[in-house]
Every structure is written in structure tokens, then in C-alpha cells.
Amino acid sequence: MSVTGIRKALAAVFVGLALTLSAAAPAAQAAQAAPAAQAAQAAQAAPAAQADKLKLTVAGDGAQGVTIQATYADGRRLEQVVRLVLTATGPDGQRVGPVQLEPQPEGQGFYSSGPVLSTGTWKVSVNSPAPLAGKATATVQAKAAQSPPAPAPVAVTTPTDDAGSAAWWPLAAAGLVLVAVAMGVAMLFGRRRTT
């Protein structure tokens, strides 16, 4: 066999090896990628399952209303408007609701009922239907709204004698004239003594 023939045979062997390896590489990558893809799908399914649940925090607003903070179950901030419905049972079996709550400008996921409760202790439930389901119950103490204190009265005095208040101007002017004359006399006598 000539040198050229040996080169051709070696080149054919190398080309055959390269083709074999390139055909086997995608199959090996696919075999390695299958468990990784399954793990990625499982990792995406867990947040997706958590993403469709809400955590609702219910509290009184200090008067006759209720405030609700809604977040995702995993603690992320809620970036969309959800439908929240409030029902409440109060003193003497009073019932309020269902009341649909509106989002408030105080923050993302913040909802408020406004003054819907009368004074007393209320058991409040807030529900959110699917696709973002959530439920919370809390006991809220409703109080009468506090009004700001009335301003303290200011004593206003008015002059009782208008003529008396105008009489001080001539007296002040006369006093100024007397002071000016006294100073002038003192200056004149002071200059004469030095000469």
C-alpha cells in the first residue's frame, strides 16, 4: 500500500469515527437532558401550584372597617387585581356581606372595606375564588369613628372705648416734642460751658 493509500484509509477511519460520534452525541445529550427536563418541570410545577394560592391577612382599620393584605402564598407581592369577598358575623347575630372589596392606592395587594361594621366584636371571613384562591378569618374589634377634638376657644377682646384708643396719639406726639426740646436745651448749655 502506498503512502497515499494509507492516508486515504486513515482519513476514511477518522471520518467514520467523527460521523459515529456526531450521531451518538445528540442521543447522549437527550438521555442526559431527560432527567434535567423532568426536574425543571417539577420545579416549575411547585411555584405554579403556589402561584395560584393567596395568603390573606385580615385586620381592623381602627374604626368600623376591615383591611386586607393579599400576597402570593410564597410571600411574593401581588401584582394583579383579584376578587375578594368579605362576610362578617357580629354582636347579636348581625350579618354583613357578601361585600366585594376594591383595591386601594395604599399599596399592591391592599384592600379595604370602608365603614361596614357597627361597634362591637366581629368574626370576619374573606374569600378569593379561583384562579387565585385564598381564604382568611379573623376577629375584628370595630369602634366608633373618632372625630378630631374641637379647637380650644380663643378669647377675643375688643376695645370698649374707641375715643380712648385714639387719644394716646396726641399724648405720644407731645412727649416726643418735649424730649426733643429737652435735648436741644441740653446741647446748647453744653456748648456754652466749653467756650
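Here, every reference points to the structure presented above.
Heads up: these notes are all about the structure in this document. This one's a predicted model, so the numbers in the text were calculated from it and none came from an experiment.

### Things to note about the packing of aromatic side chains
- In this structure the tally under the stated criterion is 0 aromatic pairs.
- In this structure, arginine 76 packs its charged tip against the face of tyrosine 72, placed 4.3 Å from the ring centre.

### A look at the pairing of strand β2 (residues 66-72)
- Across the 7 residues of β2, 6 count as buried, placing the element largely inside the fold.
- Two successive antiparallel strands, strand β1 (residues 54-60) and β2, enclose a turn made up of 5 residues, where glycine 62 displays a positive phi of approximately 90 degrees.
- Here β2 pairs with strand β5 (residues 110-112) via 3 bridges, running antiparallel. Residue isoleucine 68 lies in a different strand from β5, and its bridge partner there is tyrosine 111.

### Re the nonpolar core
- Membership of the largest hydrophobic core comes to 24 residues, with the highest contact counts inside it found for Leu56, Val58, Ile68, Leu84, Leu117, Val124 and Val126.
- Of all elements in the fold, only β1, β2, β3 (84-89), β4 (95-103), β6 (120-128) and β7 (134-142) reach the threshold of two or more residues within this core.
- Apart from the residues within four sequence positions on either side, leucine 56 is in contact with Ile68, Gln69, Ala70, Leu84, Val126, Gly134, Lys135 and Ala136.

### Quick word on the sheet that holds β6
- Within the open sheet, the 7 strands sit side by side as β1-β2-β5-β4-β3-β6-β7. Their pairing is antiparallel. Two strands bound the open sheet, and with one partner strand each, they are β1 and β7. Taken pair by pair, the neighbouring strands of this sheet meet at an average axis angle of 25 degrees, ignoring direction.
- Strand direction decides the pairing type here: β3 and β4, joined by 5 bridges, are antiparallel. Looking at β4, one finds that leucine 84 is bridged to leucine 101.

### So, the pattern of salt bridges
- A full pass over the atoms with the stated rule returns 1 salt bridge.
- Residue aspartate 74 is joined to arginine 76 by a salt bridge in which the shortest nitrogen-to-oxygen separation is 2.9 Å.

Rules of the game
Residues numbered from 1 in each chain as written. Predicted model: local features only at pLDDT ≥ 70, side-chain atom pairs only at ≥ 80, totals over all residues. Heavy atoms only, no water. Phe/Tyr/Trp six-rings, centres within 6.5 Å; stacked < 30°, edge-to-face > 60°. Lys NZ or Arg CZ within 6 Å of the ring centre and 35° of its normal. Buried < 20%, exposed > 50% of the residue type's maximum accessible area, 1.4 Å probe, protein only. Helix = DSSP H or I, 4+ residues; strand = E, 2+ residues; numbered from the N terminus. Pairing = 2+ DSSP bridges. Core = buried A, V, L, I, M, F, W, Y, C linked by side-chain atoms within 4.5 Å. Contact = heavy atoms within 4.5 Å. Axes fitted to C-alpha atoms, helices over the stretch in contact; angles between N-to-C directions. Salt bridge = Lys/Arg side-chain N within 4 Å of Asp/Glu carboxyl O.

All quantities given are derived from atomic positions and should not be read as evidence of function.
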